[in-house]
Amino acid sequence: MKIGTVNINKKAVLAPMAGVTDRAFRELCMKFGAGYTVSEMVSSKGISYLNKKSIELMEISEKERPCGIQLFGDNPEAMATAAKIALEQNPDIIDINMGCPAPKVNKSGGGAVLMKNPDLCYKIVKAVKDTSTVPVTVKIRKGWDEQSINAVEIAKVCESAGASAITVHGRTREQMYKPFVDLKVIEQVKLAVSIPVIGNGDIFSPKDAINMLSQTGCDLVMIGRGALGNPFIFSEINAVLNNETFAEPKIEEKVAVMTEHILNICKYKGEYLGMKEARRHICMYLKGIPDAASFRNQACHLETMDQFLDFANKITKIV
Ligand SMILES: Cc1cc2nc3c(=O)[nH]c(=O)nc-3n(C[C@H](O)[C@H](O)[C@H](O)COP(=O)(O)O)c2cc1C
């Protein structure tokens, strides 16, 4: 299928996750068969000030295409300017965040709070679309709260402003990450628009992905937390969709993939920052291994790549 002019060859894609979906993780998920990936959200204000961190967040390598850059903000002109600067990094897609529930982001006018103002949503998408040379997508939620469920209205508004696809996380902003995602609202959006719809929320296994695809009719599924410490989920979903069998990764394989991931974080960010950021990923890879609590505790104190390599070696020996 296509998002605008971009070919997407796999059904499961990686969700944007601040603090998680950096270049190292995106490359790994593509290697395991993600259809595309999206950067961490980047502030349009930060970009317009040419803030170093914001620019770094947008760097994309050839190994991770197709890849989108996600922008957040509430000012159409500022978002268009940010998109122009983002385009210098050659993203395949520009994604607009209309779903982030974080109070800090919502207070600044960005993220899910935009869904309260359909006119502004239109203006933002239109302004970015008019500037962009690549397809523009939008990520929304079910609505702000149970009293204002308007995913269908916002999806239509975004489509009329020129969006090439809509991702729907089937929960309101008020619900944050619980209870279970509402598949019905994703189905309603799919029936209401002609552009591709990407269903998102609570996919932790191939079964969950198949369920989302069949119950909502969505074109793609987007996976966030289910990929943490588990990039294997993409190849597992692809196997099931191709009627193939798959084996759960053995601990040795998990450790090998974790090692590749952590060494790449350090390669791209330097050992000091890299190891700081690596700890949360390491803890996620440890899920399900014997004595995980003790290993997690040790992981929180790792400071150098050598310490990490010893630690990884220890896991493979003990298990
Ligand atoms: C740690 C974390 C960071 C996130 N950061 C972003 C973000 O930058 N942009 C965004 O649109 N959504 C963000 N999300 C939301 C996810 O993209 C996704 O919509 C949500 O986690 C539901 O999907 P899941 O059940 O597969 O995790 C984040 C979620 C998590 C857990």
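Residues numbered from 1 in each chain as written. Predicted model: local features only at pLDDT ≥ 70, side-chain atom pairs only at ≥ 80, totals over all residues. Heavy atoms only, no water.

Below, the discussion takes up the side chain of Asp145. Topologically, Asp145 is positioned in the loop between strand S7 (136-143) and helix H7 (151-161). Buried within the structure, Asp145 lacks any salt-bridge partner; its nearest side chain of opposite charge belongs to Lys116, at an N-O separation of 6.5 Å. At a separation of 3.0 Å, a polar atom in the side chain of Asp145 contacts the main-chain amide nitrogen of Gln147. Among the polar contacts listed, one links the side chain of Asp145 to the side chain of Ser148, at a separation of 2.8 Å. When sequence neighbours within four positions are dropped, the list of residues in contact with Asp145 reads Thr172 and Glu174. (Helix = DSSP H or I, 4+ residues; strand = E, 2+ residues; numbered from the N terminus. Buried < 20%, exposed > 50% of the residue type's maximum accessible area, 1.4 Å probe, protein only. Lys, Arg positive; Asp, Glu negative; His and termini not counted. Salt bridge = Lys/Arg side-chain N within 4 Å of Asp/Glu carboxyl O. Polar contact = N/O pair within 3.5 Å; in protein donor to acceptor, adjacent residues only side chain to side chain. Contact = heavy atoms within 4.5 Å.)

In this section: the domain arrangement of the chain. Interfaces are often sized by the amount of accessible area the parts lose when they come together. Parsing the chain into structural domains produces domain 1 (2-241) and domain 2 (251-318). Look at where the C-alpha atoms of domain 1 and domain 2 centre, and you get two points 28 Å apart. Taken together, the contacts link 17 residues of domain 1 with 14 residues of domain 2. In this assembly, domain 1 packs against domain 2 so that about 1300 Å² is buried in total across both faces, 60% of it on carbon and sulfur atoms. Looking at the side of domain 1 facing domain 2, the largest losses of area belong to Ala24, Gly229 and Phe232, adding up to 33% of the total buried there. Remark: the boundary between domain 1 and domain 2 carries two salt bridges. Asp22 is the salt-bridge partner of Lys269, the closest N and O atoms lying 2.9 Å from each other. If you look at where domain 1 meets domain 2, you find three residue pairs in polar contact (both at pLDDT 80 or more). In terms of residues, the side of domain 1 that touches domain 2 owes the most to one element, helix H1 (residues 23-31), which gives six residues. (Domains from an automatic or database assignment. Buried area = accessible area lost by both parts, 1.4 Å probe.)

Turning our eyes to something else, we now look at the environment of Glu88. Locating Glu88 in the fold gives a position in the loop between helix H4 (76-87) and strand S6 (93-98). Taking the relative accessible area as the measure of exposure, Glu88 reaches 64% and is therefore exposed. Taking the C-alpha atoms as reference points, Glu88 and His261, 173 residues apart in sequence, are found 26 Å from one another.

This model, assessed by the stated rule, comprises two aromatic pairs. Aromatic side chains Phe32 and Phe232 sit 5.2 Å apart centroid to centroid with 75° between the ring planes, which places their arrangement in the edge-to-face category. Of this pair, Phe32 sits in the loop between H1 and strand S4 (37-43) while Phe232 sits in helix H10 (residues 232-241), and the two are 200 residues apart along the sequence. The exposure class of Phe232 is buried, given its relative accessible area of 3%. Of note, Arg23 hangs over the ring of Tyr268, and the distance from its end group to the ring centre comes to 3.8 Å. When the ring centre of Tyr177 is taken as reference, the NZ or CZ atom of Arg141 above it lies at 5.4 Å. (Phe/Tyr/Trp six-rings, centres within 6.5 Å; stacked < 30°, edge-to-face > 60°. Lys NZ or Arg CZ within 6 Å of the ring centre and 35° of its normal.)

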